[in-house]
Amino acid sequence: VSEGRPGVAATLRALNGALGRPAALWVKESGARNLRHRDFLAPRAALSAAFPGGQVPPEAVSAVPSLRGPAVLPLRVCRQTPAGLAVQVRRPEAFQRLLGPLPGPPAPAAGCVVLHCPALRSRAALRPRHLRSVLLADHLAQLLRAQGVVVRLVPALSEERSWDVLRQLRICWPSGSGGSSLTDAISALKTALGRCPCAAACEQGPGTAEGVICKVHLKSFVEQQGLLGYDPNLDVLLVTEGTLQSLAELQEAVLQCPVSDPTTLLASHFLSSSCCSIVHVVNCEEEFQQQQLDVLWRILDPGAHTALQKHLVCGPVKVTNPSSPIGAEQYFQLRKHQMYEASVIKYGELAQDEAWTEVIDTMTVAAIRFEMLSTAHRSQITLDLENNSISTKGTKSGAFVMYNCARLATLFNTFQRAVEQGTYPPLPPVSELNFSCLREEGEWLLLFNYLLPFPEVLQQAAQLPPPSKGIRITANTETVCKFLIQLSMDFSSYYNRVHILGEPFPHLFEQMFARLQLLAAVRDVFHSALATLHLPPLSQI
């Protein structure tokens, strides 16, 4: 059996199987203090619930170190401790197996998700609350694509207005008009509307909005169908050409999705295993209008896809002490100015150099993306625009993450120059390295808490679990930002403590090469995670 790349889930499954109980008894340790003594623990309380008197049969305990499997970590010892059953990993072997290249992209999941962001239909200028849902949809699209899922983004950006702020934030969104196929779809929806028992003609009176085609009774349909999770105030919707265009764009996106083969899908991850899923990514202020559109689409097109509509709702974005409502463009320029000032304070005249323009732009994008995405999407975000909350010193910011990514780039550039000058030999292949010399606790922390679980972190961040009832779903869209912040803190602590590029003496090369291989893998994780945020790694800072 190929040993393959170890994973957390596979190791926990093997450990649980070894004890012969269906319950999940084991937990992975993550704190530095506990990792000095153990890597996995079956807590005393869990053992007491699963075994009489909490006593695990000795033969089960002795069998644990010999566990093997394609993605199971190599285990060294399992012993009874006051805290419970403790397991340690054979660490040099774990380094050897994990420090090769990151696994390639997964096989296509054959699923398709349409991400719909109504904020991009707003005729008014975008505000920070709109930006939150757009950034979230953009990040979620990258996460899903990394899992092999086909993603369609709706609506296409109108060419009649400027979208500079989206371009500046490196948001990749399609643009253009729908052409004749969209016109045909609108015409088909009008025909369906003419046959719809819930629709009624709208008398044109002095108070009637211009362009209204008819009115549709949504409430009776929701009650007849027994639909759950909709606002009880849904009642009558006045349908306009704009309403039908929105539905036609959604239908076009669904038609462009590849037909799924249910036998090849990651059914548990992405809502629906046999059909295209539609996720409306909305801020809480747009939620009511989007529910109206959702029900109208169900009425006019009672297909399997319209029944799979789900709503991912973003909490409010509160701006402290604004003198007047602030637009998204104004917010971006303010953060960019603050980033420039913070860089001048830290780096002096250097930060005013022309070459730094790109660095400051990237740092600004990182600061805004982390500000918007590192909080759970259901929670409120508070933007403090008066204080410079994006200084390069804070450990919770996107600027801090980019700074540490740049430190890694500097390290490897320095090493490469030293190799070219003949100071050091080139880095040998992984198979020739001796990882038993990696004994600093920060080294195991980086491997065990970040390199080991990273593929599973990306997978969990992309999951869109179907709700138990209703139409709202919850996604773990804050996972990648939080992972990067924590990784940056632990990497920074290690890097400040340990001198990587030592004196050029052959007896020191063994440890230096093992450390460089570890940090090359850390760098790859930074780059892969930042790619889901459309952030390029910085080569200098």
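In this numbering scheme, every chain counts its residues from 1 along its sequence in written order. The model is predicted, so local features are restricted to residues of pLDDT at least 70 and side-chain atom pairs to those at 80 or more, both for listing and for counting; the totals for chains, interfaces and linings are taken over all residues. To get the side-chain values, take all heavy atoms of the structure and skip hydrogens and water.

## Points about the packing of aromatic side chains
Heads up, the condition is: Note on aromatic contacts: the rings of Phe and Tyr and the six-membered ring of Trp form a pair at centre separations within 6.5 Å, being stacked when their planes are under 30 degrees apart, edge-to-face when over 60 apart, and tilted otherwise. Only DSSP runs of H or I reaching four residues or more are called helices, and only runs of E reaching two or more are called strands; each is numbered from the N terminus. A 1.4 Å probe rolled over the protein chains alone gives each residue an accessible area, and that area as a share of the maximum for its type sets the label: buried under 20%, exposed over 50%, partly exposed in between.
Under the criterion given, the structure shown has 11 aromatic pairs. With centroids separated by 6.0 Å and ring planes inclined at 85°, the aromatic side chains of Tyr424 and Phe509 adopt a geometry described as edge-to-face. With Tyr424 in the loop between helix 14 (398–420) and helix 15 (441–451) and Phe509 in helix 18 (residues 506–531), this pair connects stretches of sequence that are 85 residues apart. Judged on exposure class, the residue Tyr424 and its partner Phe509 are both buried.

## Examining the sheet that holds strand 4 (residues 84–89)
Keep this limit in mind: In short, DSSP must find at least two bridges between two strands for them to pair.
Overall, antiparallel pairing links the 4 strands, which are arranged 1-2-4-3 in an open sheet. Of all the strands in the sheet, the pair left with one neighbour each is strand 1 (27–28) and strand 3 (75–81).

## Quick word on the state of the cysteines
Quick note on the threshold: Any two cysteine sulfur atoms within 2.5 Å of one another count as a disulfide.
Applying the stated criterion to the full structure yields 1 disulfide. Between the sulfur of Cys112 and that of Cys257 lies a disulfide, 1.9 Å long from S to S. Looking along the S-S bond of the Cys112-Cys257 disulfide, the torsion reads about -40°, which is the left-handed sense. Here Cys112 is found in strand 5 (residues 112–116), whereas its partner Cys257 is found in the loop between helix 10 (241–256) and strand 10 (277–283), with 145 residues between them in sequence.

## Focus: the confidence of the model for the protein chain
This is how it is decided: One number per residue, pLDDT, summarises how confident the predictor is, and it ranges from 0 to 100. The criterion used for residue contact is that any of the two residues' heavy atoms lie within 4.5 Å.
Here the protein chain averages 88 in pLDDT, while 90% of its residues score no lower than 70. Here residues 260–273 is a poorly scored stretch, pLDDT under 50, and it has 38 contacts once near neighbours within four places are set aside; other chains count.

## Some remarks on helix 9 (residues 218–225)
Just so we agree on the cut-off: Comment: arc refers to directions from the helix axis out to C-beta atoms.
Those residues of helix 9 lying buried are Leu218, Phe221 and Val222. Projected down its long axis, helix 9 carries its buried residues within an arc of 100°, all on one side. Set apart from the buried face of helix 9 by more than 90 degrees, the exposed residues are Glu223 and Gln224. Looking at the packing, one finds that the buried side of helix 9 touches strand 8 (212–217), strand 9 (236–240) and helix 11 (287–300). Just downstream of helix 9, Gly226 is the residue with a positive phi angle, here 65°.

## Structural notes on the pairing of strand 11 (residues 309–314)
Definition in use: Handedness of a crossover is defined as follows: with both strands directed away from the viewer, a clockwise route from the first strand across the helix to the second makes it right-handed.
Here strand 11 lies mainly inside the structure; 6 of its 6 residues are buried. Here strand 10 runs beside strand 11; their pairing, made up of 6 bridges, is parallel. Bridge pairing links Asn283 to Cys314 in strand 11. Each parallel crossover has a hand, and for strand 10 linked through helix 11 to strand 11 it is right-handed.

## What about the packing of helix 16 (residues 454–461) against helix 17 (residues 479–497)?
Selection criterion: Every axis corresponds to a line fitted to the C-alpha atoms, with the helix fit spanning only the stretch in contact, and the corresponding angles, defined between N-to-C directions, vary from 0 to 180 degrees. Roughly parallel covers angles under 35 degrees, roughly antiparallel covers those over 145, roughly perpendicular covers 65 to 115, and oblique covers all other angles. Three categories are distinguished: nonpolar for Ala, Val, Leu, Ile, Met, Phe, Trp, Tyr, Cys and Pro, charged for Asp, Glu, Lys and Arg, and polar for the others, with Gly belonging to the last.
The interhelical angle for the contact between helix 16 and helix 17, taken along N-to-C directions, is 150°, at an axis separation of 9 Å. Classified by the angle their axes make, helix 16 and helix 17 are roughly antiparallel. Note on element contacts: helix 17 touches helix 16 through Thr479, Val480 and Phe483, opposite Phe454, Val457, Leu458 and Ala461. Considered class by class, the residues forming the contact of helix 16 with helix 17 number 6 nonpolar, 1 polar and no charged.

## Concerning the sheet that holds strand 8
Strand order in the open sheet formed by 3 strands is 7-8-9, and the pairing between neighbours is antiparallel. With one partner strand each, in any of the chains shown, strand 7 (199–201) and strand 9 form the two edges of the open sheet. Averaged over all neighbouring strand pairs, the angle between strand axes comes to 35°, with direction disregarded. Across 5 bridges, the pairing between strand 8 and strand 9 is antiparallel. Its bridge partner lying in strand 9, Lys215 is registered against Leu238. Against the sheet, helix 9 makes contact with strand 8 and strand 9, and its axis sits at roughly 35° relative to strand 8, the strand it touches most. Along the sheet, helix 10 makes contact with strand 8 and strand 9, crossing strand 9 at roughly 85°.

## Section: the environment of Glu441
With respect to the secondary-structure elements, Glu441 resides in helix 15. Spatially, the C-alpha atoms of Glu441 and Arg36 are 7.5 Å apart, while their sequence positions differ by 405 residues. With sequence-adjacent residues up to four places away left out, Glu441 is seen in contact with Ala32 and Arg36.

## Comments concerning the pattern of salt bridges
Rule in force here: For this document, the term salt bridge refers to a Lys or Arg side-chain nitrogen within 4 Å of an Asp or Glu carboxyl oxygen.
Taken as a whole and assessed by the stated rule, the structure comprises 17 salt bridges. Put simply, Glu93 and Arg90 hold a salt bridge, and the shortest N to O gap is 2.9 Å. Residue classification places Glu93 among the partly exposed positions, given a relative accessible area of 27%. Between Arg129 and Glu285 there is a salt bridge, and its shortest N-O distance comes to 3.1 Å. A residue pair is termed long-range when its members are at least 10 positions apart, and Arg129 in helix 6 (residues 128–146) and Glu285 in the loop between strand 10 and helix 11 qualify at 156 residues.

## Quick look at the nonpolar core
Side chains that are nonpolar tend, in soluble globular proteins, to be buried together. Short version of the rule: The definition of a nonpolar core used throughout is a set of buried Ala, Val, Leu, Ile, Met, Phe, Trp, Tyr and Cys residues joined through side-chain atoms within 4.5 Å.
Membership of the largest hydrophobic core comes to 140 residues, with the highest contact counts inside it found for Trp26, Leu115, Leu166 and Leu519. Non-local contacts of Trp26, meaning those with residues more than four positions away in its chain, are made with Leu12, Leu15, Asn16, Leu19, Phe40, Leu41, Ala42, Cys78, Leu85 and Val87.

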